[in-house]
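Residues per chain, in single letters:
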Amino acid sequence: MHENHTELETLFNAYTQKLEQQESQELLSVSESLAMLHKNGQYPYEKRLPKKAYEDALLLLQIELLKLQRHIVQTNQRVVVVCEGRDAAGKGGAIKRFTQYLNPRHARVVALAKPNEQESTQWYFQRYVNHLPSAGEIIFFDRSWYNRAGVERVMGFCTQAELQQFYQQAPEFEYMLTQSGVKLIKYWFSVSRLEQLRRFHDRMRNPLKKWKLSPMDLESLDKWNSYTEAKQAMFTHTDRRATPWTVVRSNDKRRARIESIRYFLAQFEYPGKDNALIAKIDRRVID
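These numbers were taken from a predicted model, which means no experiment stands behind them. (Residues numbered from 1 in each chain as written. Predicted model: local features only at pLDDT ≥ 70, side-chain atom pairs only at ≥ 80, totals over all residues. Heavy atoms only, no water.)

A closer look at the environment of E195
Right, so step 1: Its place among the elements puts E195 in helix 8 (residues 193-205).
Right, so step 2: A relative accessible area of 1% means that E195 is categorised as buried.
Right, so step 3: Those residues within four positions of E195 in sequence are excluded, and the remaining contacts are S33, L37 and N251. (Helix = DSSP H or I, 4+ residues; strand = E, 2+ residues; numbered from the N terminus. Buried < 20%, exposed > 50% of the residue type's maximum accessible area, 1.4 Å probe, protein only. Contact = heavy atoms within 4.5 Å.)

Details of helix 11 (residues 253-266)
Right, so step 1: Between its first and last C-alpha, helix 11 extends 20 Å over 14 residues, near the 20 Å set by a 1.5 Å rise per residue.
Right, so step 2: Of all 14 residues in helix 11, twelve are buried; the element is thus mostly enclosed.
Right, so step 3: Where helix 11 is concerned, the buried positions are R254, R255, A256, R257, I258, E259, S260, I261, R262, Y263, F264 and L265.
Right, so step 4: The residue sitting at the N-terminus of helix 11 and contributing the capping side-chain oxygen is D252; that oxygen lies 3.0 Å from the backbone nitrogen of R254. (Expected span 1.5 Å × (residues − 1). Polar contact = N/O pair within 3.5 Å; in protein donor to acceptor, adjacent residues only side chain to side chain.)

What to know about the pattern of salt bridges
Right, so step 1: A complete count under the given rule lists 15 salt bridges for this structure.
Right, so step 2: A salt bridge links E174 to K186, with the shortest nitrogen-to-oxygen separation between them at 2.9 Å. Of this pair, E174 sits in helix 7 (residues 160-179) while K186 sits in strand 4 (residues 182-190), and the two are twelve residues apart along the sequence. Here E174 matches K186 in class, with each residue buried.
Right, so step 3: In this structure, the salt-bridge partner of K273 is E269, at a minimum N-O distance of 3.5 Å.
Right, so step 4: A residue is classified by how much of its surface remains accessible, and E269, at 59% relative accessible area, is exposed.
Right, so step 5: Through salt bridges with shared partners, one network takes in E84, D87 and R143. (Salt bridge = Lys/Arg side-chain N within 4 Å of Asp/Glu carboxyl O.)

Some remarks on the packing of aromatic side chains
Right, so step 1: Taken as a whole and assessed by the stated rule, the structure comprises 25 aromatic pairs.
Right, so step 2: Residues F98 and F264 carry aromatic rings whose centres are separated by 5.5 Å and whose planes lie at 90° to one another, so their mutual orientation is edge-to-face. Here F264 lies in helix 11 and F98 lies in helix 4 (residues 91-99), a separation of 166 residues in the sequence. Take F98 and F264: they sit in the same class, and that class is buried.
Right, so step 3: Where Y146 meets W245, the ring centres are 4.8 Å apart and the plane angle is 65°; that geometry is what we call edge-to-face. Of this pair, Y146 sits in the loop between strand 3 (137-142) and helix 6 (148-155) while W245 sits in strand 5 (residues 245-249), and the two are 99 residues apart along the sequence.
Right, so step 4: Here Y146 falls in the buried class, since its relative accessible area comes to 1%.
Right, so step 5: The exposure class assigned to W245 is buried, which follows from its relative accessible area of 7%. (Phe/Tyr/Trp six-rings, centres within 6.5 Å; stacked < 30°, edge-to-face > 60°.)

Take a look at the structure:
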């Protein structure tokens, strides 16, 4: 890590002191956060999915993932899963549950750092093309080419001309992928401002999670509305019938993981598929 934790904590405390809501100044539990969001009509569930129910459902779905992976390998299919969302929305945790028992020879996670000097002179999509799947592979992008429509737009890392070019080219790029036989699934993990702040609190105070928190994460807290505008514009330009966005309401990480896996499995036919298990997609969580 290159950031200083003492300086980071100072920045975080300075931000929380600016918040008007008293509840945001304290470290809420997951249950308190969900109860508050439910009361305000921001989330359909007052309590998170019980741990035992979560673990039981997850195990069954991970068995289905193994069945599906075997079929994808045998039939030489190519699959791309794009996971996007605000910082601390639960993308990484969901991907971890997707890939936990998959054969790593045929499933990879791609989480690219900022482009280097050479990459910054290339066609924008070029470095992502290098990570697209071969036959029998599933690729999970933990953030993707949509960085341009999100963090680059909000933080001023791209020009307006580059942004407009992205809006034009992204649907064309994705259409070419699907026309070439790639199965593309795009998730947007949606987290509330209150729950995001609770998770940042948790990261700040947990020595095993501090590495997840950067000064740019904290800077993004003051740009909530800008990120909302960026997300809406991104959906307007890139939510197409052939390559739609699937929104996962991720204030309860357990439900978000279960339903994103269930939805993924529902997009495929494969031998031994447990249709009764997969048909139970909770449309209050995923849409």
